[in-house]
Amino acid sequence: EFMWKQIDQNTDSVALGKDKYVINVKEVLDTARKLFGEIFNISPLKDVWDDYNANLKKIKIRQKYIGLLASIPIAFTMFGGLLAGVAPEIRPFALIFTGIAFVVMLIGLYLRFTDKSIEETEKLNDKFQDRYVCPNPKCHQYLGNTPYKLLRQKKNCPSCKCQWTEE
């Protein structure tokens, strides 16, 4: 007859059958770990990957808008020149467009000069490389820029070969 109770793997043993075959739970678990390796949960790495990509995307979007802002003065200057050439009587409007172009150009120069995208990207990459690592405390190797979606398909660490699960 087998009686089930909550066991402590460090101190308990399990007796099987009437003859009381005693099995040390810790030894069984240690042997299983040696044979099959430990299995580690990689699901926290999904948040690390998602956070990294979201912040990287914000930086790229900001750079895109600064680049677009830099092209506006060209359009205003060209439009002002076209107005002055086609209709000299409305030349004051052409000067207004040129003035707007100058102000927007100064704003764009200021934004480019004060933009910290390079520094932010470096900090973001450093933080990511510290966090996107094998969950095995004995390994903790950086897993590279392998997307989480592909990482979970691998089922084990490329460095220590420990197995992974998402539970």
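Predicted model only: the values in this text are computed from it and were never measured.

(A) Broad picture of the packing of aromatic side chains. Tallied over the full model, the rule gives 8 aromatic pairs. Taking 6.3 Å as the distance between ring centres and 45 degrees as the angle between the ring planes, the aromatic pair formed by W49 and Y52 counts as tilted. Of this pair, W49 and Y52 both sit in helix α2 (residues 44-86), 3 residues apart, which is roughly one turn of the helix. Residue W49 shares its accessibility class with Y52, and that shared class is buried. Three or more aromatic residues joined by ring pairs make a cluster, and in this case those are W49, Y52, F128, Y132 and Y142. Residue placement shows K64 over the ring face of Y65; its charged tip is 6.0 Å from the ring centre.

(B) Summary view of a nonpolar patch on the surface. On the surface, a cluster of nonpolar side chains totalling about 750 Å² of accessible area is made up of F102, V103, M105, L106, I107, L109, Y110 and L111. Under the relative-accessibility criterion, F102 is labelled partly exposed at 47%.

(C) Up close: empty space enclosed by the protein. Counting across every chain of the model gives 1 cavity of 30 Å³ or more. Approximately 40 Å³ is the volume found for the largest cavity. Put simply, the parts of the chain that give the lining of the largest cavity at least two residues each are α2 and α4 (117-131). Among the elements that make up the lining of the largest cavity, the one with the highest residue count is α4 (4 residues). Class assignment for the residues of the lining of the largest cavity results in 4 nonpolar, no polar and 3 charged.

(D) Geometry of the environment of Y142. For Y142, the location among the structural elements is in the loop between α4 and α5 (148-154). Distance from Y142 to R131, taken between C-alpha atoms, is 7.9 Å for residues 11 residues apart in sequence. Only 2.8 Å separates the side chain of Y142 from the side chain of N145, close enough to count as a polar contact.

(E) Fine view of helix α3 (residues 91-114). For α3, which comprises 24 residues, the first-to-last C-alpha distance of 35 Å matches the rise-based estimate of 34 Å (1.5 Å per residue) to within 8%. Those residues of α3 lying buried are A94, A101, V104 and G108. The elements touched by buried residues of α3 are α2.

(F) The arrangement of the side chain of N136 in detail. Here N136 is to be found in the loop between α4 and α5. Owing to a relative accessible area of 10%, N136 belongs among the buried residues under this scheme. Apart from the residues lying within four places of it in its own chain, the contact partners of N136 are F40, C160 and C162.

(G) Structural detail: the packing of α2 against α3. Look at α2 against α3: their axes get within 8 Å of each other, and the N-to-C directions meet at 165 degrees. When the axis of α2 is compared with that of α3, the two are roughly antiparallel. When you trace α2 past α3, the crossing you get is left-handed. Residues I66, G67, L69, A70, I72, P73, F76, T77, F79, G80, L83 and A84 of α2 pack against F93, A94, F97, I100, A101, V104, M105, I107, G108, L111 and R112 of α3. Of the residues in the contact of α2 with α3, the class split is 18 nonpolar, 4 polar and 1 charged.

Reading guide: rules and limits
Once a new chain begins, its residue numbering starts again from 1 and follows that chain's sequence as written. Residues qualify for local features only when their pLDDT is at least 70, as the model is predicted, and side-chain atom pairs are given and counted only at 80 or more; totals for whole chains, interfaces and linings, by contrast, use all residues. Think of the side-chain values as coming from all heavy atoms in the structure, minus any hydrogens and water. For Phe, Tyr and Trp, rings pair up if their centres lie within 6.5 Å, where Trp contributes its six-membered ring, and each pair is then called stacked (planes under 30 degrees apart), edge-to-face (over 60) or tilted (otherwise). A run of H or I in DSSP counts as a helix once it spans at least four residues, and a run of E counts as a strand once it spans at least two, with each numbered from the N terminus. Note on exposure labels: buried denotes an accessible area under 20% of the residue type's maximum, exposed denotes more than 50%, and partly exposed covers the range between, all computed with a 1.4 Å probe on protein chains only. Two thresholds decide whether a charge sits over a ring: the Lys NZ or Arg CZ must be within 6 Å of the ring centre and within 35 degrees of the ring normal. What goes into a patch is any residue over 30% in relative accessible area without a salt bridge, connected to like charges within 9 Å or, for nonpolar side chains (Val, Leu, Ile, Met, Phe, Trp, Tyr), within 5 Å. Here, Shrake-Rupley sampling with a 1.4 Å probe gives the accessible areas, and only protein chains in the shown set may cover a residue. Within this document, salt bridges are pairs made up of a side-chain nitrogen of Lys or Arg and a carboxyl oxygen of Asp or Glu, the two lying within 4 Å of each other. Note on definitions: the grid is 1 Å and covers protein atoms alone; a cavity is a set of points where a 1.4 Å probe fits but cannot get out; a pocket is an open set with protein on both sides within 12 Å along at least five of seven lines; lining residues have an atom within 4 Å of a point. Grid points are joined across faces, edges and corners, and a volume is the space filled by probe spheres set on the points. For this classification, the nonpolar set comprises Ala, Val, Leu, Ile, Met, Phe, Trp, Tyr, Cys and Pro, the charged set comprises Asp, Glu, Lys and Arg, and every other residue, Gly included, is treated as polar. Whenever two N or O atoms come within 3.5 Å, that pair is a polar contact, provided that in protein one can donate a hydrogen and the other can accept it, and provided that, for residues adjacent in sequence, both atoms are side-chain atoms. A helix's residues, less one, multiplied by 1.5 Å, set its expected span. We call two residues in contact when some of their heavy atoms are within 4.5 Å. Only the contacting stretch of a helix is used when fitting its axis, a line to C-alpha atoms as for every element, and angles between N-to-C directions run 0 to 180 degrees. Any angle that is under 35 degrees is reported as roughly parallel, and any over 145 degrees as roughly antiparallel; angles of 65 to 115 degrees are reported as roughly perpendicular and all others as oblique. For any helix crossing, the convention is left-handed if the near helix is rotated counterclockwise from the far helix by under a right angle, and right-handed if that rotation is clockwise.

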